[in-house]
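One-letter residues, chain by chain:
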Amino acid sequence: MTVVADTSTLCYLVLICCPELLRQLYGQIHVPTAVRAELLHTGSPTPVRDWAAHWPSWIQVHPVAPSDDAALARLHAGEREAILLATTLRADVVLLDERAARVVAQQRNLCVAGLFGVLLEGSRRGLVDLPAAIDRLRQTTFRASPQLLREVLRRHAEGK
């Protein structure tokens with residue numbers, strides 16, 4: 001399975017101490033150079049920068065050629081390059097959390113998942129305690145509506 005990740009999913013999995021979940025679920029993860037740069041940026045949380053400075057071998061970084069696509073121009077560099085890389089690699093899934101990026105990816109017929117999709121799948125496979133992961137996520141800057149959190153927990157309860 002070919003999976004491309006944007007910055008957000010990696011960042012928050014690191015912050016909730018679950019980055020290995022991606023390796024456990026998908027094996028190798030592909031990221032564009034802009035994602036690594038965003039993770040290493042001085043504005044990133046220290047645990048994220050430290051993790052990215054000691055990049056795991058199961059993440060492969062790819063350069064991505066610039067695009068003059070107007071829809072992509074509105075996105076952050078990591079999102080833009082993740083969508084371009086997913087298209088180039090014909091990825092099975094691209095991991096994106098921002099709504100605007102998800103819409104652009106879906107318009108390109110890419111299969112999109114986000115942090116909650118990863119956590120739900122990890123929970124279904126017995127790899128992560130979803131309620132505990134969400135509790136840790138609430139202590140970060142991750143933004144999700146209370147409705148979405150309830151829906152994720154409902155889906156989790158139904159999956160048991």
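Structure: above.
(A) Inspection of the overall build of the chain at higher detail. The secondary structure content of the chain amounts to ten helices and five strands. By the compact-globule yardstick of 15 Å for 160 residues, the chain fits well, its C-alpha radius of gyration being 15 Å. On the principal axes, the C-alpha backbone points of the chain span a range of 45 × 35 × 30 Å. Burial analysis of the chain (160 residues in total) assigns 48% to the buried set. Long-range contacts, defined as pairs at least 24 residues apart, comprise 65% of the intrachain contacts of the chain with a sequence gap of at least 6. For the chain, the accessible area works out to roughly 8,400 Å², and carbon and sulfur atoms hold 50% of it. Computing the positive centroid from 18 side-chain charges and the negative centroid from 16, the chain places the two 4 Å apart.

(B) Molecular detail of the environment of E79. Residue placement: E79 occurs in helix α6 (residues 77–89). The buried category is assigned to E79, whose relative accessible area is 6%. Along the backbone, E79 and L96 are 17 residues apart, and their C-alpha atoms lie at a distance of 7.2 Å. Not counting chain neighbours up to four residues away, the residues in contact with E79 comprise D6, L96, E98 and A101. A polar contact is formed between the side chain of E79 and the backbone nitrogen of H76, at a distance of 3.1 Å.

(C) Representation of helix α10 (residues 146–159) within the structure. With 14 residues, α10 ought to run about 20 Å at 1.5 Å a step, and its terminal C-alpha atoms sit 20 Å apart, in line with that. Residues L149, V152 and H156 constitute the buried set of α10. The buried residues of α10 occupy an angular sector of 65° when projected down its axis, which confines them to one face. In α10, the exposed positions that point more than 90 degrees away from the buried face belong to P146, Q147, R150, A157 and E158.

(D) Quick peek at the layout of surface pockets. Looking at the largest pocket, its volume works out to about 1,100 Å³. S8, D97, E98, F142 and R143 are the residues nearest the centre of the largest pocket, which is lined by 35 residues in total. In terms of residue count, helix α1 (residues 7–15) provides more of the lining of the largest pocket than any other element does, five residues in total. When its residues are assigned to classes, the lining of the largest pocket shows 14 nonpolar, eleven polar and ten charged.

(E) Seen up close, the pattern of salt bridges. Summed over all chains, the structure comprises seven salt bridges. E158 is paired through a salt bridge with R154; the nearest N and O atoms lie 2.4 Å apart. In this pair, E158 and R154 are both assigned in helix α10, four residues apart and thus about one turn of the helix distant. Here the salt bridges do not stand alone but share partners, grouping E121, R124 and R125 into one network.

(F) Layout of the packing of aromatic side chains. By the definition in use, this model includes three aromatic pairs. Taking the centre distance of 5.0 Å and the plane angle of 80° together, the rings of Y12 and F142 count as edge-to-face. One end of the pair, Y12, is in helix α1; the other, F142, is in the loop between α9 (130–138) and α10, and 130 residues separate them in sequence. With respect to burial, Y12 and F142 carry one shared label: buried. Judged by its relative accessible area of 17%, F142 falls in the buried class. Three or more aromatic residues joined by ring pairs make a cluster, and in this case those are Y12, F116 and F142.

Cut-offs and rules
Starting from 1, residues in each chain are numbered consecutively following that chain's sequence as written. Residues qualify for local features only when their pLDDT is at least 70, as the model is predicted, and side-chain atom pairs are given and counted only at 80 or more; totals for whole chains, interfaces and linings, by contrast, use all residues. Side-chain numbers here rest on the full set of heavy atoms in the structure, without hydrogens or water. The secondary structure listing takes helices from DSSP runs of H or I that are at least 4 residues long and strands from runs of E that are at least 2 residues long, numbered from the N terminus. We take the radius of gyration over the C-alpha atoms and set the globule estimate at 2.2 Å times the residue count to the 0.38 power. Three labels apply to residues, based on accessible area from a 1.4 Å probe with only protein chains included: buried if under 20% of the type maximum, exposed if over 50%, partly exposed otherwise in between. Contacts are residue-level and defined by heavy atoms, with any inter-residue pair within 4.5 Å sufficient. Only the protein chains shown count as cover for residues, with accessible areas throughout obtained via the Shrake-Rupley method and a probe of 1.4 Å. Positive charges come from Lys and Arg, negative ones from Asp and Glu, while His and the chain ends are left out of the count. Taken as the charge location is NZ of Lys, CZ of Arg, CG of Asp or CD of Glu. Identification of polar contacts relies on pairs of N or O atoms within 3.5 Å, with a donor-acceptor requirement for protein atoms, meaning one able to donate a hydrogen and the other able to accept it, and with residues adjacent in sequence counted only if both atoms are side-chain atoms. Expected span, for any helix, means 1.5 Å times one less than how many residues it has. Here the arc refers to the set of directions running from the helix axis out to each C-beta atom. Think of a 1 Å grid over the protein atoms and nothing else: a 1.4 Å probe that fits but is trapped marks a cavity, an open set flanked by protein within 12 Å on at least five of seven lines marks a pocket, and residues with an atom within 4 Å of a point count as lining. Grid points are joined across faces, edges and corners, and a volume is the space filled by probe spheres set on the points. Side-chain classes are defined by residue name, with Ala, Val, Leu, Ile, Met, Phe, Trp, Tyr, Cys and Pro counting as nonpolar, Asp, Glu, Lys and Arg as charged, and the others, Gly among them, as polar. What makes a salt bridge here is a side-chain nitrogen of Lys or Arg within 4 Å of a carboxyl oxygen of Asp or Glu, nothing more. Stacked, edge-to-face and tilted are the three classes for Phe, Tyr and Trp ring pairs, Trp counted by its six-membered ring, which pair at centre distances within 6.5 Å; planes under 30 degrees apart are stacked, over 60 edge-to-face, the rest tilted.

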